[in-house]
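# Fold and geometry: a report
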Amino acid sequence: MSDFFLQSDRAFPLVMGILNVTPDSFSDGGLFEQKEASLKHVRDMIDAGVDIIDIGGESTRPGAKAVSVAEELQRVIPVIEAIRTETDIPVSIDTSKAQVMREAVVAGASVINDVRALQEEGALQAAAELPVPVVLMHMQGQPRTMQEHPEYNNVVEDVCEFLRNRVQACEQAGISRDRLIVDPGFGFGKTLQHNLSLFRHIPELKQQLDLPVLIGVSRKSMIGAVLDIPVEERMPASVALAGLAAWMGADIIRAHDVRETCQAVKMCGSVKESE
Ligand code: YH5
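Only a predicted model underlies this, so the values are computations on that prediction, with no experimental measurement involved.

### Let's talk about the pairing of strand β6 (residues 180-183)
Regular strands have side chains that alternate between both faces of the sheet. Across the two faces of β6 the burial is the same, with Leu180 and Val182 and Ile181 and Asp183 all buried. Here strand β5 (residues 134-137) pairs with β6 via 4 bridges, running parallel. Bridging from a neighbouring strand, Met137 pairs with Asp183 of β6.

Given below as structure tokens:
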């Protein structure tokens, strides 16, 4: 069922394209305009070679405020339905809410991507009842305050242990291992040093957990911090990190700049598999 995502003999990772439908990602226009803008973005990403579209209606950026279930549903469901009317590109739903998971899968989403690793009320059960793969991401704290004072004994070991525990919770809830993907959660309750160290240890994370790994660093503050550049200038470094992650065995790369990211991972993957 999820073999498409989880084939470990692929030469290079899948590219997951980011589609934000948060209120702050549309400065003007009503719901119709937002839906049309989203569809255009989806068509562009498909043309650029995207493998999965990740649609999210909750902003989880540092400091962002919570959104209600109703608001999240209103943002994401019409867009998923619209995508389904014109293409069979796989859609993942970036949510922590059980009801959003359920309605998104009914509307045609085929992956759950949860930055809270199914820890919210009802999420574990919802995921257990839905026949789709699940991305379990590590986060320390909550989006609003997670960057205030991130702290670990050993960031690689601590993140591994958290993910191992969530994998176990999933298995106990009836979600089989072959549906699971893990993600260290770059920027989610981590300092620059934590992020760099986690990135360097992607191979260990993969080896320790023995599951497919998703990497999301596109345009994130770790790039801003190293290079001292604003978000709109972070594409080249994001693409460099995507290539490096491909080299280190990442299975899925979550990215804004799909065309460039596809080129980078395909190129690095080709070198990696050569004799
Ligand atoms: C992730 O890593 N991230 S939303 C701050 C930025 C740029 C981008 C300007 N959902 C992940 O993309 N899901 C998000 O600085 C995610 N893994 C998974 N699985 C945050 C985001 C971003 C934040």
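### Some words on the packing of aromatic side chains
Taken as a whole and assessed by the stated rule, the structure comprises 1 aromatic pair. With a centroid separation of 5.7 Å and 50° between ring planes, the pair formed by Phe186 and Phe199 is classed as tilted. A residue pair is termed long-range when its members are at least 10 positions apart, and Phe186 in the loop between β6 and α7 (192-200) and Phe199 in helix α7 qualify at 13 residues. Above the ring of Phe12, the side-chain terminus of Arg10 is found at 5.2 Å from the ring centroid.

### Quick notes on the packing of helix α2 (residues 31-47) against helix α3 (residues 69-86)
For the pair α2 and α3, the least separation of the axes is 10 Å and the interaxial angle reads 50°. What the angle tells us is that α2 and α3 run oblique. Helix-helix and strand crossings are classified by hand; for α2 and α3 the assignment is right-handed. Residue-level inspection shows Leu31, Gln34, Lys35, Ser38, Leu39, Val42 and Arg43 of α2 in contact with α3, the latter providing Gln74, Arg75, Pro78, Val79, Ala82, Ile83 and Glu86. Along the lines of polarity and charge, the residues of the contact of α2 with α3 split into 7 nonpolar, 3 polar and 4 charged.

The rules we used
- Residues numbered from 1 in each chain as written.
- Predicted model: local features only at pLDDT ≥ 70, side-chain atom pairs only at ≥ 80, totals over all residues.
- Heavy atoms only, no water.
- Buried < 20%, exposed > 50% of the residue type's maximum accessible area, 1.4 Å probe, protein only.
- Helix = DSSP H or I, 4+ residues; strand = E, 2+ residues; numbered from the N terminus.
- Pairing = 2+ DSSP bridges.
- Phe/Tyr/Trp six-rings, centres within 6.5 Å; stacked < 30°, edge-to-face > 60°.
- Lys NZ or Arg CZ within 6 Å of the ring centre and 35° of its normal.
- Axes fitted to C-alpha atoms, helices over the stretch in contact; angles between N-to-C directions.
- Parallel < 35°, antiparallel > 145°, perpendicular 65-115°, else oblique.
- Left-handed = near helix turned anticlockwise from the far one by under 90°.
- Contact = heavy atoms within 4.5 Å.
- Nonpolar A, V, L, I, M, F, W, Y, C, P; charged D, E, K, R; others polar.

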